[in-house]
Amino acid sequence: MVLSLDCMPVFTPTTLKASEIPVFQTRTTLMEELQSKAITKAEAISLYEQMCAVRALEEMIYQLRSGAYAPLAGKYEYAGPTHLSIGQEGASVGACSILGWDDYITSTHRGHGDSIAKGYAAILRMTAEQMKQRIAYYTIQVTSGDTEGIRQELLADHIYRSICELFGKEHGYCKGRGGSMHIADFSLGHLGANAIVGGGTPIATGAAYAARYLDDGKVAVCFVGDGAFSNGITLESMQMATMPQFENGLHERKKGVPVVFCILNNLYAMTGQTHGELCDVPYLACRGWGFAQDGMQAEVVNGMDVLSVRKAMTKAVNECREGRGPILRELMTYRYYGHSLSDPRKAYRKKEEETAWRDIDPLLTYGQQLIECKLCTQADLEAIYQKSFDRNAAQALKAAFSPDPSASELYKYLYADSTCDKVPAAYANPKTLLPVEKSKRDAQGMILYKDAIKEAMVEEMARDGRVVLYGEDLADYGGAFFVTSGMLETFGRDRVFNTSISESAICGTAVGAAMAGLRPIVELMYFDFALQASDQISNQAAKWHYMSGGARTVPMVIRASAGGGKGYGGQHSQSIESIFCHTPGIKVVVPSNPYDAKGLLKTAIRDDNPVLYVEGQMLYSMKGQVPEEEYFIPFGQASIKKAGKDATFIGWSYVVNEAVKAAEILEKNHGVSLEVIDARTLVPFDWETVIASVKKTGKVVVGSQAVKTCSFTAEVADTITRRAFDWLDHPVERVGAATSISPQAKAMEKAYLPYADDIVKVVLAMVKPKG
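Reading the values: the criteria
- Residues numbered from 1 in each chain as written.
- Predicted model: local features only at pLDDT ≥ 70, side-chain atom pairs only at ≥ 80, totals over all residues.
- Heavy atoms only, no water.
- Salt bridge = Lys/Arg side-chain N within 4 Å of Asp/Glu carboxyl O.
- Helix = DSSP H or I, 4+ residues; strand = E, 2+ residues; numbered from the N terminus.
- Buried < 20%, exposed > 50% of the residue type's maximum accessible area, 1.4 Å probe, protein only.
- Core = buried A, V, L, I, M, F, W, Y, C linked by side-chain atoms within 4.5 Å.
- Contact = heavy atoms within 4.5 Å.
- Pairing = 2+ DSSP bridges.
- Axes fitted to C-alpha atoms, helices over the stretch in contact; angles between N-to-C directions.
- Expected span 1.5 Å × (residues − 1).
- Polar contact = N/O pair within 3.5 Å; in protein donor to acceptor, adjacent residues only side chain to side chain.
- Right-handed = clockwise from strand over helix to strand, strands pointing away.
- Parallel < 35°, antiparallel > 145°, perpendicular 65-115°, else oblique.
- Left-handed = near helix turned anticlockwise from the far one by under 90°.
- Nonpolar A, V, L, I, M, F, W, Y, C, P; charged D, E, K, R; others polar.
- Phe/Tyr/Trp six-rings, centres within 6.5 Å; stacked < 30°, edge-to-face > 60°.
- Lys NZ or Arg CZ within 6 Å of the ring centre and 35° of its normal.

(A) Structural view of the pattern of salt bridges. Counted according to the given criterion, the structure contains 41 salt bridges. We note a salt bridge from Asp-361 to Arg-55, for which the minimum N-O separation is 2.7 Å. Here the residue Asp-361 occupies a position in the loop between helix 10 (351–358) and helix 11 (362–372), and Arg-55 occupies one in helix 2 (residues 41–66), the gap between them amounting to 306 residues. Ionic pairing is found between Arg-161 and Asp-157, a salt bridge with its closest N-O pair at 2.8 Å. On the criterion of helical spacing, the pair formed by Arg-161 and Asp-157 is a turn pair, its members being four residues apart in helix 6 (residues 147–166). A residue is classified by how much of its surface remains accessible, and Arg-161, at 9% relative accessible area, is buried. Asp-157 sits in the buried class, given a relative accessible area of 8%. Taken together, the shared-partner salt bridges connect Lys-438, Arg-441, Glu-455, Glu-459, Glu-460, Arg-463, Lys-598, Lys-602, Arg-606 and Glu-630 into one network.

Structure follows, in structure tokens:
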């Protein structure tokens, strides 16, 4: 059975057969490229220079680790990672040499070569004005008076900042916070190497989403290792990149996602062999047929041949710019050393294998072509490498004695301190398909919690064209809880669209889209699913502002519904906010009522940090007063829901409302005055309001719907004990869900979750009833 686009059944007998994938069919020689004017003599020599720049840096790392690097002998001891890409220079340089200076790349933990290649090629392409801007951006001191002299100084500075980052220095591209495995230069479109296998694939896809939506002509090239093509996030990213809605007319912009997935297949995932041991496909490019009817125009290319790579990537990038992405390229290459220098590689490689690959070394074979075409002599080639070595040595010496980051600035760049106070004119007040309307209030000015959330999103999307909304089933259907109903009709599918059920890629693409200029809101439906996306939330979204040394903000909001009480069982009812509070770099928001839901979400959308916005499942139908006029609720500002003097309750989300009920029972039946504080946000947390209340009452209960064991309530209780110990008349008590699995059975679920009666019991055990 085959379904047509309108989902009508079509039972036409047919056979699906994938077309052959071109394997090593893109072949060329330097002579052919020169004769066809596909390359100039200067460009041809420059390719060799670029490969030498990469090789010189990589060999420096190798020699540093063994103490054999003469320029720094006895002067500096390198202690960083050593994931070398020696042997892969043809792939990195060939691919980066044809990119625009501000096109995007993402890379791997073995990313030094990609970083050097991207920066080198970008600087070579810069105009005098662009170089001037770079000089100002990095405060570079230049002495040359002519354009080409300045260019050479910028290339030297590129090497310097790269080495500084490897050495963990303040002058590094990421101010030493990222280091070798996270090196990036956002000013040139390099969105970062990634220590997580496959970690760059959703970021590249998201950046391509942004390029497509903003229509800025940029392309994203995702360098990814062969090992990553057995990793879920890579496959999810390919699925998210190839969704047919981008090209088949559902979106106003009828263009494919401009991303090239570039597999650097060096034959070893780590020590395991990709072919014959781990993957039962002749080439990883075959996987393209699992995602697109055109097989993602997949092609296998000789990655040891810089010209073949350059030619194949030129075609791929041009296809993307014409709206026919995404594209898949597999570059067959080889790394001469092990996974790192701690890997001797002798246990799983033969000497004959390494020799055979070294015989087709990209510098060696391309250098021979330069000689054959009479563009260089052997002495010229040696001089080119020596120039790279000498420049590298000078910059390494300079880097070794450059400033280290101050330990006093350990927390600097953990969070961006900026917000979007003013929308750039190009994106302000974008056109909508229908008039933007407020949610209908009742006579008391009340709306539902879910409508308050929707109203916040509608207002911010009407204000800022960079705000987009995507996730599972939120377009036509309106989401599992119908929060987004009608938003598709108002803003169109370019800004409100469904995705595949790929929680990890939903969050990961949002990271890339945010890095590339959008302000995405993504929905995970149920908070439980955040565990599938936890790598993207905790290792990518939360960390990139810090790891980039503050070079790039990640303004994104992740919406998820949490909490039990609806009989959904153990995998749709969890409150797991505590897990993400443990990850510095992300803000956690937990509104308990409609007023807060709108005000906090508007603040979240304008914040330049990633925000995890947790919606209470049991709160969607709650009514409350929500002003029609614009307002915001600052993060880190708790709310006293009910003043009291005998004890304090601190909580968040649904439990706050149970605490208010408990306070009424305590006051009416026992004469006990309970102060109820709604934290509103967990990161940041309003300690001042909480401590002031504790000093007043002397008795404290902290509660949430999260499982009590290891809940964030324990962090709150611990901090209260340390900061207000002398004012406490009783140990801090906590309430939470039972340390069990959320059951479906109604009676069991009631016993599992904390309610008002549970809070009353705990408070009465601390406070003697009056009267």
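Picking up where we left off.
(B) The arrangement of the nonpolar core in detail. Of all hydrophobic cores here, the largest spans 181 residues; its most connected members are Leu-30, Phe-167, Tyr-366 and Ile-720. Counting residues per element, this core draws most heavily on helix 2, at eleven residues. Setting aside residues no more than four positions away along its own chain, Leu-30 makes contact with Ile-39, Ala-44, Leu-307, Tyr-366, Gln-369, Leu-370, Cys-373 and Leu-375.

(C) Quick look at the sheet that holds strand 17 (residues 647–651). Read across the open sheet, the five strands follow the order 16-18-17-20-21; overall the sheet is mixed. With one partner strand each, in any of the chains shown, strand 16 (639–642) and strand 21 (733–737) form the two edges of the open sheet. The mean inter-strand angle of the sheet, taken between neighbouring strand axes irrespective of direction, is 25 degrees. Both strand 16 and strand 18 (residues 674–678) contribute to a ladder of three bridges, which runs antiparallel. Residue pairing in the sheet places Ser-639 in a bridge with Asp-678 of strand 18. Where helix 20 (residues 654–670) meets the sheet, its contacts fall on strand 16, strand 17, strand 18 and strand 20 (700–707), and the angle it forms with strand 18 comes to roughly 170 degrees.

(D) Spotlight on helix 9 (residues 306–321). For helix 9, which comprises 16 residues, the first-to-last C-alpha distance of 22 Å matches the rise-based estimate of 22 Å (1.5 Å per residue) to within 8%. All of the buried residues along helix 9 are Val-306, Leu-307, Ser-308, Val-309, Arg-310, Ala-312, Met-313, Ala-316, Val-317, Glu-319 and Cys-320. Residue Asp-305 occupies the N-cap position of helix 9, its side-chain oxygen lying 3.1 Å from the main-chain nitrogen of Leu-307. Just downstream of helix 9, Gly-323 is the residue with a positive phi angle, here 90 degrees.

(E) Main features of the sheet that holds strand 4 (residues 220–225). With parallel pairing, the five strands of this open sheet are ordered in space as 3-4-5-7-6. The sheet terminates laterally at strand 3 (104–106) and strand 6 (299–302), the two strands that pair on one side only. Neighbouring strand axes in the sheet, compared pairwise and without regard to direction, differ in orientation by 20 degrees on average. Taken together, the six bridges between strand 4 and strand 5 (residues 259–265) define a ladder with parallel strand orientation. Its bridge partner lying in strand 5, Val-221 is registered against Val-260. Of the strands in this sheet, strand 4, strand 5 and strand 7 (327–332) are in contact with helix 8 (residues 232–241), which crosses strand 5 at around 155 degrees.

(F) Representation of the pairing of strand 5. Of all seven residues making up strand 5, seven are buried, and the element is well covered by its neighbours. Alternating residues of strand 5 divide into Val-259, Phe-261, Ile-263 and Asn-265 and Val-260, Cys-262 and Leu-264, and every residue in both groups is buried. A crossover links strand 4 with its parallel partner strand 5, the connecting element being helix 8, and its sense is right-handed. Where strand 5 meets strand 7, six bridges bridge the pair, whose relative direction is parallel. By the bridge assignment, Cys-262 is partnered in strand 7 with Arg-329.

(G) Highlighting unusual backbone geometry. With an omega of 0 degrees, the peptide bond running from Gly-325 to Pro-326 counts as cis. Examined against the element boundaries, Pro-326 turns out to sit in the loop between helix 9 and strand 7. Here the amide bond leading from Val-683 into Pro-684 is cis, since omega sits at 0 degrees, within 30 degrees of zero. Checked against the element boundaries, Pro-684 lands in the loop between strand 19 (681–683) and helix 21 (687–697). The backbone of Thr-139 sits at a positive phi, close to 50 degrees, despite the residue not being glycine. Among the secondary structure elements, Thr-139 is positioned in the loop between helix 5 (128–138) and helix 6.

(H) Geometry of the packing of helix 3 (residues 89–96) against helix 4 (residues 112–125). Packing of helix 3 against helix 4 leaves a shortest axis separation of 9 Å and a crossing angle of 30 degrees. Between helix 3 and helix 4, the interaxial angle falls into the category roughly parallel. Seen along the crossing, helix 3 lies across helix 4 with a hand that is right-handed. Together, Ser-92, Val-93 and Cys-96 of helix 3 and Gly-113, Asp-114, Ala-117, Lys-118 and Ala-121 of helix 4 make up the contact between the two elements. Its residues placed into classes, the contact of helix 3 with helix 4 shows four nonpolar, two polar and two charged.

(I) Inspection of the environment of Gln-152 at higher detail. Counting through the fold element by element, Gln-152 comes out in helix 6. Residue Gln-152 is classed as partly exposed on the basis of its relative accessible area of 34%. Considering only alpha carbons, one finds Gln-152 and Leu-124, 28 residues apart in sequence, at a separation of 9.0 Å.

(J) The arrangement of the packing of aromatic side chains in detail. Scanning the model with the defined rule gives 27 aromatic pairs in all. An aromatic cluster is built from Tyr-449, Phe-481, Tyr-526, Phe-529, Tyr-568 and Tyr-620, whose rings are joined through pairwise contacts. It is Arg-358 that lies over the ring of Tyr-337; its NZ or CZ is 5.8 Å from the centre. Geometry around Tyr-160 places Lys-398 over its ring, the cationic atom sitting 4.3 Å from the centre.

Geometry only, nothing functional implied.
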